[in-house]
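Residue-level structure breakdown
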Amino acid sequence: MLLKMSFSAFILSAARWNRPIMPTGIHALMTPLPKNNKISRISGRFLSPERRWNSAIGSANVVSEHSDETTTAKTTATTNENENPPSAITKATTRNKKKALKSGREKRRKFIGLAKAVDRGQWQNTYSPGGSDGTSFVAKSGLPDVTKPFCVLGIESSCDDTGAAIIRSDGTILGESLASQHAIHEEWGGVVPGLAKTAHEENIDKVIQSALKNANMQIEDVDAIGVTVGPGLEICLRVGCNKGRELAMKHNKPFVGVHHLEAHILMARIPSEKYKNDSEQSMSDEVQSLNRAMEFPFLALLVSGGHCQILKCLGIGKYSILGGTLDDSLGEAFDKTARLLGLPVGGGGGPAVEALAKDGDPKSVKLPIPLQKRKDCDFSYAGLKTAVRLAAEKICVERGVETVEELSHEDKANIAASFQHVA
């Protein structure tokens, strides 16, 4: 039993500290030690890591004294290679970790009070398509011939809705389909990632087939497949990416990853209904003139999930962020206000608050305007959320009720309208 324990301790120690296992050391543990040796197998098993390591080295040297000169030379060489005990390595690793943590904290301090999601050189990799000149767009799987009209199958699964659409190169949406998950998440008061992922897996094939059917097309007819690759919920994004990659490989189509936030911005350039080309109109061999809703440059207010930014859009992949949120996003503020008022938020807090606000007075509840005196374009909603909660609690005291949900419809509508007006 003692033999097994000592042998196991040596193997684990060698594995833990990434040290080579010496054959002489193994034989030493299997050979009775001299009586005058101060280190025994029993005590060595329960010593500190450093002393246990020295125990193994010492045991190897004892046996090597009775071995030939070759064995002695090997043992001495191995001992010299491992002269640093594990405790020294542990201390060095700990020091490096502390330095890394300290460095990270110092870097984060530099960005306190500044808008989030802005590249100030703190990230190693940033989104920069188009190559050095900003116009050389490439994809490892290739791109369709952009000198001729082409169609793309777009797949979206970044959060709680599964979507797909067939869009033509002139901006015409030929067919689209959406599977909503509002009913699934409503009872939880927000999006549950695991449930969202399962729903995506159940619906994605049906959604894609429905979009193709609405466009009177088959998967073989599309020229490329584009998929949202982020930002978003990772486990949900993975569903769409895997499906898009599967279809691209199966049907030999180009695969293009799409930046979620950039897609929101570029949607503004798709022709509106009155400028939309007739989807039944035949496409010539030459690319038709594009009836863009707007041309670069233009200003965009991006309010998507946890993002809230004002951007100057200069071109594809070229954006200058003029302002952003310092803390919470507008969507988060709407969601928490909706929960405060006891509204269903399965379809998002924004629509719920907006529907209730229609019945209220936007000037009935005094709320502070965030960052009103700052001469920049940044946002802040953490303080506004607190102000809404305190205002609601004050009204509860005045009405003699214990919770906000017990307030009358009129009081809730006034709170919602006032919040929406300020936000």
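To be clear, the structure that these remarks concern was listed above.
Residues numbered from 1 in each chain as written. Predicted model: local features only at pLDDT ≥ 70, side-chain atom pairs only at ≥ 80, totals over all residues. Heavy atoms only, no water.

With respect to the pairing of strand 8 (residues 318-324)
Along a regular strand, successive side chains alternate from one face of the sheet to the other. Alignment of strand 7 (residues 307-315) against strand 8, held across 6 bridges, turns out to be antiparallel. Across the sheet, residue Leu-311 finds its bridge partner in strand 8, namely Ile-321. What sits between the antiparallel neighbours strand 7 and strand 8 is a turn of 2 residues, in which Gly-317 has the positive phi angle 75°. (Pairing = 2+ DSSP bridges. Helix = DSSP H or I, 4+ residues; strand = E, 2+ residues; numbered from the N terminus.)

A few points about the sheet that holds strand 8
Spatially, 6-7-8 is the arrangement adopted by the 3 strands of the open sheet, whose pairing is antiparallel. Either end of the sheet is taken by a strand with one partner, and the two such strands are strand 6 (298-304) and strand 8. Neighbour-to-neighbour, the strand axes of the sheet open up by a mean angle of 30°, direction not taken into account. Two elements, strand 6 and strand 7, share 7 bridges in a ladder whose sense is antiparallel. If you follow Leu-299 over to strand 7, its bridge partner there is Lys-312. Against the sheet, helix 10 (residues 260-267) engages strand 6, strand 7 and strand 8, with an angle of about 130° to strand 6. (Axes fitted to C-alpha atoms, helices over the stretch in contact; angles between N-to-C directions. Contact = heavy atoms within 4.5 Å.)

Some words on the side chain of Thr-325
Position of Thr-325 relative to the elements: it lies in the loop between strand 8 and helix 11 (330-340). At 3.3 Å, the side chain of Thr-325 and the backbone nitrogen of Asp-327 are in polar contact. Within the structure, the side chain of Thr-325 is placed 2.4 Å from the backbone oxygen of Asp-328, a separation counted as a polar contact. The residues touching Thr-325, leaving out its near neighbours within four places in the chain, are Ala-115, Lys-116, Cys-308, Phe-379 and Tyr-381. (Polar contact = N/O pair within 3.5 Å; in protein donor to acceptor, adjacent residues only side chain to side chain.)

So, the packing of aromatic side chains
Throughout the structure, instances matching the rule amount to 3 aromatic pairs. Between Phe-296 and Phe-298, the ring centres sit 5.3 Å apart and the planes meet at 20°, which makes this aromatic pair stacked. Residues Phe-379 and Tyr-381 carry aromatic rings whose centres are separated by 6.3 Å and whose planes lie at 10° to one another, so their mutual orientation is stacked. Using a relative accessible area of 16% as the deciding quantity, one classes Phe-379 as buried. (Phe/Tyr/Trp six-rings, centres within 6.5 Å; stacked < 30°, edge-to-face > 60°. Buried < 20%, exposed > 50% of the residue type's maximum accessible area, 1.4 Å probe, protein only.)

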